[in-house]
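# Commentary on secondary and tertiary structure
Chain by chain, the residues:
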Amino acid sequence: MKKISCLVALALMVVLTGQVSSFGADPPAKRHPSYTLMGRDKPPPDSPLNPNFVVSTEANIKEESLWRSGYIPERLVGLDIGDVDRDGLNELVYVTPHNVYLSRRSGPLLEQLATFKTEDNVNIVSVDLFDVDNDGRKEIVVSAQYNEQTASSFILAFDGTKALKILAKGITWYVRVTGSGAAKRLTGQKPATTSAEPYSGKPNYLEYRDGKVKSVGVVQLPRHINLYNFNIGNLGVQNTRLIAAVKSTDEHLTLYDTGGGKVWESHDDYAGTANSIILPTYREQAIQQEFLPSRIIIDDIDNDGANEVIVAKNNQGGAPFMKNLRTFNSGVIEARKFNNLSLVPFFNSANLLPGPAVDYALMDFDNNGTKDLVVGVVIESGSGLMQDGRSIIVGYIDLYTTKPEVEEVKATPKTPNK
């Protein structure tokens, strides 16, 4: 009778704890806590992703994995990272409505290398780093609007002095760098001048020659896709060439094939920001602004040989029904994998309170040979007492190097033989 009672007690312990008897059992496997949330109970034991970046049940992010700038007393519009002086080290460029700042990370600080200020009637819209003249260094490609009417973009170069050199100015295209990896191209679109539409014609591939920017062909895109709401790249293990876009009307993240057929569409909104260009005929229209989505990155963020779609998911606050006013109270950066059918959520960053992500880059920010995700966050857009706004730059450092942590799960002690 005593033996039966012991067996009953042992069975009850198994039911309550969910653990099997440890007689001859294998030790618990490595498991990153985020995989429980993601439905992945048995992840690869040596995943290269930094566990502080993926969705996790951990409350704290390790300080060495998160870098944060001091407060920038302006509203951040965009940023990018690349080697602008052919020294083998990457620099960070970030822009506000009237200023371009070139800097490099120096430990916990940003070392300012050079600056550039626009005229008061020229408003910066976006920034990219791209080698426009094939000299081995990247130039600063700035998209801008003049007098709230037309495009007046410009290209800057760093020559080692505190003042950035102008390579081209008064470019009558809005400009952006699109594509992925070695297939990146300088791309532009003309502004509209006689209608309520923000653009005229389709996006074009551009080339810089002898101080001028010229079209070299139309980009083949589905209807209603404009310069700022798309990117092109190969996705999935089969390297399928697809177009990722955030539609202007509902801001759903959408995949198209190269023939324009829809492959997948999200239910949620993505990439919303308060950045905008002013429509030239706004006095006659109910809608005065064309709000611009944040960057869509197509890159291999986890180093598994297949690209992911990386995009911001900002939470809109205020009154979303107001067509000419937008506010956002927080956001995350989300990565999705393509499984030949849809975009599957892979991971996201910690919440970017107290503001939305306005732009971001996946590059080696600290020049140690591994990629980092660097995010520009707008804390105050410039209303009220903060007329110039306030922003910060956050870096998720060394995404590929940190091994998954081991959950300390104690094995059930063996029952001594009697």
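Residues numbered from 1 in each chain as written. Predicted model: local features only at pLDDT ≥ 70, side-chain atom pairs only at ≥ 80, totals over all residues. Heavy atoms only, no water.

Attention now goes to the overall build of the protein chain. Helix and strand counts for the protein chain stand at two helices and 27 strands. Within the protein chain, the fraction of its 418 residues that count as buried is 50%. Put simply, of all contacts in the protein chain between residues at least 6 apart along the chain, 49% involve residues at least 24 apart. (Helix = DSSP H or I, 4+ residues; strand = E, 2+ residues; numbered from the N terminus. Buried < 20%, exposed > 50% of the residue type's maximum accessible area, 1.4 Å probe, protein only. Contact = heavy atoms within 4.5 Å.)

Mean pLDDT over the protein chain works out to 81, with 74% of the residues at or above the 70 mark. In the model, residues 14-47 has pLDDT below 50 throughout and makes 48 contacts with residues more than four positions away in sequence or in other chains. (pLDDT = per-residue confidence, 0-100.)

With 35 residues, the main nonpolar core has Leu253, Leu255, Ile301, Ile333, Tyr360 and Val375 as its most contacted residues. In this structure Ile333 touches Ile310, Val311, Ala312, Phe347, Asn348, Ser349, Leu352, Ala357, Tyr360, Leu373 and Val375, once residues within four positions along its chain are discounted. (Core = buried A, V, L, I, M, F, W, Y, C linked by side-chain atoms within 4.5 Å.)

A separate point is the sheet that holds strand E26 (residues 372-380). Sheets are built from strands that pair by backbone hydrogen bonding, the pairs being arranged parallel or antiparallel. One open sheet holds the four strands; their spatial order is E1-E27-E26-E25, and the pairing between them is antiparallel. The open sheet has two edge strands, strand E1 (66-68) and strand E25 (357-363), and neither has a second partner. Across the sheet, the axes of successive neighbouring strands diverge by a mean angle of 20°, strand direction being ignored. (Pairing = 2+ DSSP bridges. Axes fitted to C-alpha atoms, helices over the stretch in contact; angles between N-to-C directions.)

Turning our eyes to something else, we now look at the environment of Ala144. Along the chain, Ala144 turns up in strand E7 (residues 139-146). Residue Ala144 is classed as buried on the basis of its relative accessible area of 0%. Distance in space between the C-alpha atoms of Ala144 and Val175 is 8.3 Å, their sequence separation being 31 residues. In contact with Ala144, not counting residues within four places along its chain, are Val122, Asn123, Ile124, Val125, Thr150, Ala151, Ser152, Ser153, Phe154 and Tyr174.

Throughout the structure, instances matching the rule amount to 17 salt bridges. For the salt bridge of Arg295 with Asp128, the shortest nitrogen-to-oxygen distance reads 2.7 Å. Taken together, the residues Arg295 in the loop between strand E20 (289-291) and strand E21 (297-299) and Asp128 in strand E6 (residues 122-130) connect sequence positions 167 residues apart. On the basis of relative accessible area, Asp128 is assigned to the buried category, the value being 1%. In this structure, the salt-bridge partner of Lys371 is Asp299, at a minimum N-O distance of 3.2 Å. Here the residue Lys371 occupies a position in the loop between E25 and E26, and Asp299 occupies one in strand E21, the gap between them amounting to 72 residues. Put simply, Asp85, Asp87, Glu91 and Arg104 are held in one network by salt bridges that share partners. (Salt bridge = Lys/Arg side-chain N within 4 Å of Asp/Glu carboxyl O.)

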